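Here is what each chain is made of, one letter per residue.
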Amino acid sequence: MSDPDTTARNRYFLMAGSRLLGVAGALLGLFLIARGDATEPKAVGTALVISALLLIAIVPRALARRWRTPPQP
């Protein structure tokens, strides 16, 4: 078994990494919106920004809820 501190650290890094991945996706979407000349790149960029913002908002919270320590009876 691994050390509880190591497990907690790895889980924290995973949650922070998911946030950073969402930020990178949102920046890519904004780049597509700004540089797109046609409608298709702008639509893809908009969808990417929306999905990245949802990733930032939902995934870390879901991971924290999944890994939460159960209450002691």
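For the structure itself, look to the data block above.
Throughout what follows, the structure given in this document is the object of discussion. (Residues numbered from 1 in each chain as written. Predicted model: local features only at pLDDT ≥ 70, side-chain atom pairs only at ≥ 80, totals over all residues. Heavy atoms only, no water.)

A few words now on the packing of helix α1 (residues 4-35) against helix α2 (residues 39-66). Running from amino to carboxyl end, α1 crosses α2 at an angle of 170°, the nearest separation of the two axes being 7 Å. Regarding the angle of α1 to α2, the classification is roughly antiparallel. Here α1 runs over α2; the crossing is left-handed. Considering only residue class, the contact of α1 with α2 consists of 20 nonpolar, six polar and two charged. (Axes fitted to C-alpha atoms, helices over the stretch in contact; angles between N-to-C directions. Helix = DSSP H or I, 4+ residues; strand = E, 2+ residues; numbered from the N terminus. Parallel < 35°, antiparallel > 145°, perpendicular 65-115°, else oblique. Left-handed = near helix turned anticlockwise from the far one by under 90°. Nonpolar A, V, L, I, M, F, W, Y, C, P; charged D, E, K, R; others polar.)

Below, the discussion takes up α2. The terminal C-alpha atoms of α2 lie 39 Å apart, and with 28 residues this matches the ideal 40 Å at 1.5 Å per residue to within 8%. Inspection of α2 places G45, V49, A52, P60 and L63 among the buried residues, and these make up the whole buried set. Looking at the buried residues of α2, the elements they touch are α1. (Expected span 1.5 Å × (residues − 1). Buried < 20%, exposed > 50% of the residue type's maximum accessible area, 1.4 Å probe, protein only. Contact = heavy atoms within 4.5 Å.)

Functional significance is not addressed by these values, which are geometric in nature.
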